[in-house]
Amino acid sequence: MRAATLNTTSEHSQTEPSAAFYKKTPVQSFTLSPMTRLIQHTLFRKTLLSPTLLLAGISSVALIAPTVAQAESNTLDAITVTAEKRDADVMDVSSSVSAKTEIELQDAEIASIVELSQHTPNLHIFTWGGSRENNIFIRGIGPGLFTDPTVGFYVDGVNYTSNGMFDLDLADIERVEVLRGPQGTLYGGNSLAGIINVITKKPGNYTEGKLTFSADSLDQRKLGISASTPLIEDELFVGVSLSKIDNSGYLDNIYNGQDYGGREDTNARLKFLWQPTDTLETNLILDYQKLRGDSYALGNADFIKKNPKKVDHNFDGEDNRDSKGLALSVTKSFDGIDFTSVTGWRDWDSLNSADQDAGSMDGYMHHSESDEEQSQISQEFRWASTDNQPLQWLAGLYAYKSEYKVDGLNTLDYTAFGMGGPYADRTLVDKDNSGYAAFGQLDYDINDRLTLTAGLRLDKEKRKADIETRMQSAASVDIKGEKNFTEWLPKLGASYTLENDALLYTTVSKGYRAGGFDHLYPSENDPTYESETSTNYELGYKSSFMDGSLELSAALFYIDIKDQQVQQLVPTTGNILTDNAGKGRSQGLEFESRYTPAEGWLISLGGSYTKAEYKSYSGCDFTGMVSNCDGNKMVNTPELTANFAIQNRHPLTESLDLFSRIDVQHIGDYYFDSLNKFKQGSYQLVNLKMGVEAENWEAYAWVKNATDEYYSSVEFDFGAGHTVEAGDPRSYGVTLSTRF
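Values in this document were obtained by computation on a predicted structure and should not be read as measured data. (Residues numbered from 1 in each chain as written. Predicted model: local features only at pLDDT ≥ 70, side-chain atom pairs only at ≥ 80, totals over all residues. Heavy atoms only, no water.)

A.B. asks: What should I look at first to understand the environment of glycine 548 in this one?
C.D. replies: Position of glycine 548 among the secondary structure elements: in the loop between β29 (532-545) and β30 (550-570). Sequence spacing of glycine 548 and threonine 596 is 48 residues, and the spatial spacing of their C-alpha atoms is 9.0 Å. Dropping the residues within four chain positions of it, glycine 548 is found in contact with Asn74, Thr75 and Leu76. (Helix = DSSP H or I, 4+ residues; strand = E, 2+ residues; numbered from the N terminus. Contact = heavy atoms within 4.5 Å.)

What follows is the structure, given as structure tokens:
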């Protein structure tokens, strides 16, 4: 096994590469432009991209690619990830991992996790369009209504414990990692589907900055600025990033003739990096987010599908959020051991109101208002071996505490159906969650080719709740209590390096999500639900070919899900509650590949096939007409996905590059509900981009969803008929940036 270390010496403290670093390969017949040289400097030999293709629909300019024979080697750059809490080449990690670097995010115009999912196999984001709702599904496993996430979401090592925190602006990002499959041993609870790691960009030893402006046809404008400089050369560095998004709303509310869907968002991050010695590194990151905008653009299915740019709301909801946080990480290197401390604090407030009836019918109303507050603090200590010995080990301790409060109000009127009203139903929720864990993992090299892995985590969590409802449309409830959960989370694995240095691995791992108190449908008779677990069996293969110009990763998986936390109708009482009524199974395969056939070209291809079904799910029909959903497809899980991209950077002049890219994503059929009543048919998204790049500036024109494909972001029927929200239509825009 290749020894993995926790690097405490940042690349930012390294010296400037020599002039020889920038020299072209002698057999090449063209000169690298300043933009190409800049990218090579930024990534320490950034690989350039894709095979012969015209970007039809962007330009009539033919892209001329140098032949493979013009370069002796077009080696793909290694991508270092910290997926298993160590620095390692992504191709050496014995797990199914996708990683997108800063340049890859910029090249593909990926600005959100929803857009990230379109470029990542077996990652699907289910959102209601507001910042409050970003539900992440990996390999078919995802959350139910207002339950805890099933995917751990980490930013600079700090866990974001609510899906209301996931709407992150992916600006000034070093890379994003997506780990598929349960990661309970190293990450603990809420990781039974996988992990998303976001690593922000560190400041460095050079004074530099970037200003970016973009505008599109959906009335959105974004201005971003980032800068960094050394405060003490080779020791103390500071960086700052700011972004402002303004969107007047491209939707038309036919009820009042006003624009709808507007947003006004502000994001800020301040970073300090201190390296007083070669063995000590401290990172302090402060962030702030202020989001203001209109709420869900819901509507009657027939109306929205015919008029995807219109809504009919007699109530203008809001979707507002304020978030701030701190992340402090300290890494100290000793002889053969690295010690790491990660401290996190987050504070999050959300005010959301919505026209849930999604229309303007007289005598029928469902308007919701929810004021939520959450604060959390977490601490992790880790020790990891760094010597080049057959046995590599990692051990850690983790603890967290969070407080969550909700003041929710539903205003209801059913007089149009002869059921009375108006009613005012209020729910008051006060929850205290806490937990602690001890974990460790061993990797032992039997020989130069075979490595065995064993890991174990003991996770303990406590849920404490005070839930009170003051109902006019139904009976009120008052629930107080606490509940404890304990889970052992093992992992076993083996990896074998073949003769051609390909990696073959197999793992068995367990993930879980703690139980808790149901505040969506609180019941005094059954106020709690138990933990949900998943066991993953995985066989994977990773290899590079053609002198490192082609990489391929593939994985087969089989996941058993027990005690699924789902919403269930209790026939004897007629009540709906969150309970452990489900068992599921997810199995399939996923793959990713990258290929650079010649200088300046990159082709990437990925895909997944997932068969995810409920093996047992009783009470899934809230009307009581269907007894169970056994054998039905699990929700929000496309059976087949594929993503393809081809891009090129080609010198135009001594000082300019021509950049061009095409992305095609295929999303297969999937269902929004466990009854498999509301189906999203397969659809394809085509994105196009072209621009020019100089050493200190770039200018691009792009199109997203170029074919203007309709798809729904959500569909449901909570008793008022088939309701949907449309996905983003075709948009075209420009992105301009300059460096200083």
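A.B. asks: Teacher, can you tell me more about the packing of aromatic side chains here?
C.D. replies: In this description, an aromatic ring pair is defined by two values, namely the gap between the centres and the angle between the planes. Summed over all chains, the structure comprises 14 aromatic pairs. Here phenylalanine 659 and tyrosine 700 contribute two aromatic rings whose centre-to-centre distance is 5.7 Å and whose plane-to-plane angle is 80°, an arrangement assigned as edge-to-face. Of this pair, phenylalanine 659 sits in strand β34 (residues 657-667) while tyrosine 700 is found in strand β38 (residues 697-704), placing the two residues 41 residues apart along the sequence. The class of tyrosine 700 is buried, set by a relative accessible area of 9%. What links up through ring pairs into an aromatic cluster is the set Tyr364, Tyr414, Phe417 and Tyr423. Over the aromatic face of tyrosine 700 sits the side chain of lysine 689, whose NZ or CZ is 4.2 Å from the ring centroid. Looking at lysine 704, its charged tip hangs above the ring of tryptophan 702, at a distance of 5.2 Å from the centre. (Phe/Tyr/Trp six-rings, centres within 6.5 Å; stacked < 30°, edge-to-face > 60°. Buried < 20%, exposed > 50% of the residue type's maximum accessible area, 1.4 Å probe, protein only. Lys NZ or Arg CZ within 6 Å of the ring centre and 35° of its normal.)

A.B. asks: For this particular structure, what's the right way to read the sheet that holds strand β3 (residues 96-101)?
C.D. replies: The strands that make up a sheet are held in pairs by hydrogen bonds between backbone atoms, and each pair lies either parallel or antiparallel. Spatially, the five strands line up as an open sheet ordered β3-β8-β9-β6-β7, and their pairing is mixed. The sheet is open, and its two edges are formed by β3 and β7 (158-160), each paired on a single side. For this sheet the average axis-to-axis angle between neighbouring strands, irrespective of direction, equals 20°. In the sheet, strand β6 (residues 151-155) pairs with strand β9 (residues 194-200) via five bridges, with the strands oriented parallel. Residue tyrosine 154 lies in a different strand from β9, and its bridge partner there is asparagine 197. (Pairing = 2+ DSSP bridges. Axes fitted to C-alpha atoms, helices over the stretch in contact; angles between N-to-C directions.)

A.B. asks: Explanation requested: the nonpolar core in the structure shown.
C.D. replies: A general trend in soluble globular proteins is that nonpolar side chains are found buried together. Grouped together as the largest cluster of nonpolar side chains are 54 residues, with contacts concentrated most on Leu123, Ile136, Phe153, Val176, Ile196 and Val198. Filtering out sequence-adjacent residues up to four positions away, isoleucine 136 remains in contact with Ile113, Leu123, His124, Ile125, Ile141, Gly142, Pro143, Thr150, Val151, Phe153, Phe166 and Ile196. Listed in part, the 19 residues of the second largest apolar core include Val90, Val97, Tyr400 and Ala437. (Core = buried A, V, L, I, M, F, W, Y, C linked by side-chain atoms within 4.5 Å.)

A.B. asks: How do you make sense of the pattern of salt bridges when you look at a structure like this?
C.D. replies: In a structure, side chains of opposite charge can pair up when their charged atoms sit close to one another. For the structure on display, the rule yields 45 salt bridges. Across the pair lysine 85 and glutamate 380 runs a salt bridge whose closest N-O atoms are separated by 3.0 Å. Taken as a pair, lysine 85 in the loop between β1 (80-81) and β2 (88-89) and glutamate 380 in strand β21 (residues 365-385) lie far apart in primary sequence, 295 residues in all. The burial state of lysine 85 is the same as that of glutamate 380; both residues are buried. Across the pair glutamate 104 and arginine 594 runs a salt bridge, and its minimum N-O distance is 3.9 Å. Of this pair, glutamate 104 sits in helix α2 (residues 102-107) while arginine 594 sits in strand β31 (residues 575-595), and the two are 490 residues apart along the sequence. (Salt bridge = Lys/Arg side-chain N within 4 Å of Asp/Glu carboxyl O.)

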